[in-house]
Amino acid sequence: MTDQGRIDGRTKLIGLTATPIGHSLSPAMHNMSFRELGLNYVYMAFEVDNKQLEDVVTGFRALNLRGFNVSMPNKTKILPLLDELTDGARFAGAVNTVLNDNGKLIGYNTDGIGYFRSLKENHIDVKGKKITLLGAGGAATAIAIQAALEGVKEISIFNRDDEYFNRAENNTVIINEKMEGDCIANVYRLEDKETLKEEIAASDILTNATGVGMKPLEGQALVPDPSWLRPELIVSDVVYIPRKTKLLEMAESVGCQAINGLGMMLWQGAAAFELWTGQEMPVEYVKNQMF
Ligand code: NAD
């Protein structure tokens, strides 16, 4: 069925706000899923900067959108414009998915949910495990907060000495002092290679949540040598272009299970899709069509 034939007076609209927006994979991912399942929804991307965001949210409310995704730079700015936040969104201080629940706009952060769903799909149970997490930006923060919600025992966060280091410290304070549960968070400088090596050796999972490994940092890794890894360690990367970063190549060379960021991307979308439609996204179909 063509989109033109499918859209009618009952079609529900799902939006996406961000700028720049042209590169986003979300419209294709959601629209092909709606078509595949025969759902009467359409997903549209809107170029929105932070100055326009309040007006856009007011408009989305007035038009009774079923929901929308929020991307950069709107992920933080949106918080006070919503009626309710999940713990994952509130503690991460960022929303990427909004559900309109009978007029109440609820903010979620499905980036962290997507990352852990991707591990689950790879048969990894994170409860009681220790993670070394590289980074404290948007992706890393969502993962750190969700790690605590998922029952991870300990998380050691490393960030280089840049503007994100404060955020790394802040994320540990939130996990240790504000969130319920027993997760312990530690923060270290990435420049402290000796501690990084020790923490990786003591971890079950190593996660790169920085852009190191993708353009313009393709071919680089924050772990200097494969000898820092061991076969029992699970190594994951939020980067999915390229599919195999330098870190994942190193991990495979020593026999580790290596997981790229494609699953995180697909499952963050799948979690949003389920919130809006109540149905599971046909993830395998989307993966085959898009990648
Ligand atoms: P961000 O700008 O919010 O954070 C960047 C982080 O990387 C910071 O912690 C910063 O200190 C660190 N960093 C940057 N350059 C570095 C370097 N040279 N050495 C060490 N650390 C460095 O970015 P973000 O939105 O968190 O995105 C990070 C990566 O995650 C990007 O590659 C992005 O494509 C990817 N991502 C993937 C998904 C997914 O679904 N798979 C989702 C979001 C982001």
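Here is what the cut-offs are and how they apply
- Residues numbered from 1 in each chain as written.
- Predicted model: local features only at pLDDT ≥ 70, side-chain atom pairs only at ≥ 80, totals over all residues.
- Heavy atoms only, no water.
- Phe/Tyr/Trp six-rings, centres within 6.5 Å; stacked < 30°, edge-to-face > 60°.
- Helix = DSSP H or I, 4+ residues; strand = E, 2+ residues; numbered from the N terminus.
- Buried < 20%, exposed > 50% of the residue type's maximum accessible area, 1.4 Å probe, protein only.
- Pairing = 2+ DSSP bridges.
- Axes fitted to C-alpha atoms, helices over the stretch in contact; angles between N-to-C directions.
- Contact = heavy atoms within 4.5 Å.
- Arc of directions from axis to C-beta.
- Near = heavy atom within 4 Å.
- Polar contact = N/O pair within 3.5 Å; in protein donor to acceptor, adjacent residues only side chain to side chain.
- Areas by Shrake-Rupley, 256 points an atom, 1.4 Å probe, with all protein chains shown as cover.
- Nonpolar A, V, L, I, M, F, W, Y, C, P; charged D, E, K, R; others polar.
- Core = buried A, V, L, I, M, F, W, Y, C linked by side-chain atoms within 4.5 Å.

(A) Up close: the packing of aromatic side chains. Taken as a whole and judged by the stated rule, the model has seven aromatic pairs. Relative to Phe 273, the ring of Phe 34 lies with its centre 5.3 Å away and its plane at 25°, an arrangement referred to as stacked. Taken as a pair, Phe 34 in helix H2 (residues 26–37) and Phe 273 in helix H11 (residues 262–277) lie far apart in primary sequence, 239 residues in all. Summarising the burial analysis for this pair, Phe 34 and Phe 273 share the class buried. Ring geometry for Tyr 115 against Phe 116: centres 5.0 Å apart, planes inclined by 90°, an arrangement best described as edge-to-face. Side by side, Tyr 115 and Phe 116 carry an identical accessibility label, which is buried.

(B) View of the sheet that holds strand E9 (residues 184–189). Taken together, six strands build an open sheet; the order of strands is E9-E8-E7-E10-E12-E13 and the sheet is parallel. Among the strands making up the open sheet, the edge pair consists of E9 and strand E13 (257–259). On average, each strand axis in the sheet is tilted by 15° relative to the strand beside it, whichever way the strands run. Two strands pair when backbone bridges link them, and strand E7 (residues 130–134) and strand E8 (residues 154–159) are joined in this way by five bridges, in the parallel orientation. Bridged to Leu 133 within E8 is Ile 157. Relative to E7, helix H7 (residues 138–149) is tilted by about 165°, and along the sheet it contacts E7, E8 and strand E10 (205–208). Along the sheet, helix H9 (residues 193–201) contacts E7, E8, E9 and E10; its crossing angle with E7, the most-contacted strand, is approximately 145°.

(C) View of helix H3 (residues 53–62). Residues Leu 53, Val 56, Val 57 and Phe 60 constitute the buried set of H3. The buried residues of H3 occupy one face: seen down the axis, they fall within an arc of 100°. Facing away from the buried side of H3 by more than 90 degrees, the exposed set consists of Glu 54, Asp 55 and Ala 62. Elements in contact with the buried residues of H3: strand E1 (12–18), strand E2 (41–47), strand E3 (67–70), helix H4 (74–77) and strand E6 (104–108). Among the residues trailing H3, Asn 64 stands out with phi positive, at a value near 60°.

(D) Spatial organisation of the site of the ligand. Every one of the 23 residues lining the ligand counts as a neighbour, but Ala 139, Asn 159, Asp 162, Tyr 164 and Val 238 are closest to it. Residue Gly 137 places a main-chain N or O atom 3.4 Å away from an oxygen atom belonging to the ligand. Here Tyr 164 contributes a side-chain N or O atom positioned 2.8 Å from an oxygen atom of the ligand. For the ligand, whose free accessible area comes to 850 Å², the fraction covered by protein is 76%. At the level of secondary structure, the elements contributing two or more residues to the shell around the ligand comprise H7, strand E11 (212–218) and H11. Per element, the largest residue contribution to the shell around the ligand is three residues, and it comes from E11. Split by residue class, the shell around the ligand holds 14 nonpolar, seven polar and two charged.

(E) Representation of the nonpolar core in the model. Counting residues in each nonpolar core, the largest one holds 31 residues, and the members touching the most others are Phe 116, Leu 133, Ile 155 and Ile 175. Residue assignment for this core shows that the elements contributing at least two residues are helix H5 (87–92), helix H6 (110–121), E7, H7, E8 and helix H8 (165–178). If you tally residues by element for this core, the top one is H7, at six residues. Among all residues touching Phe 116, those that are not within four sequence positions of it are Val 126, Ile 131, Ile 143, Gln 146, Ala 147, Glu 150 and Val 152. In terms of nonpolar packing, the next biggest core, distinct from the first, is built from 24 residues, Met 29, Phe 34, Leu 262 and Trp 267 among them.

(F) Spatial organisation of unusual backbone geometry. Residue Pro 73 follows Met 72 across a cis peptide bond; omega there is 5°. With respect to the secondary-structure elements, Pro 73 resides in the loop between E3 and H4. Positive phi, close to 60°, is recorded for Asn 64, a residue that is not glycine. Its place among the elements puts Asn 64 in the loop between H3 and E3.

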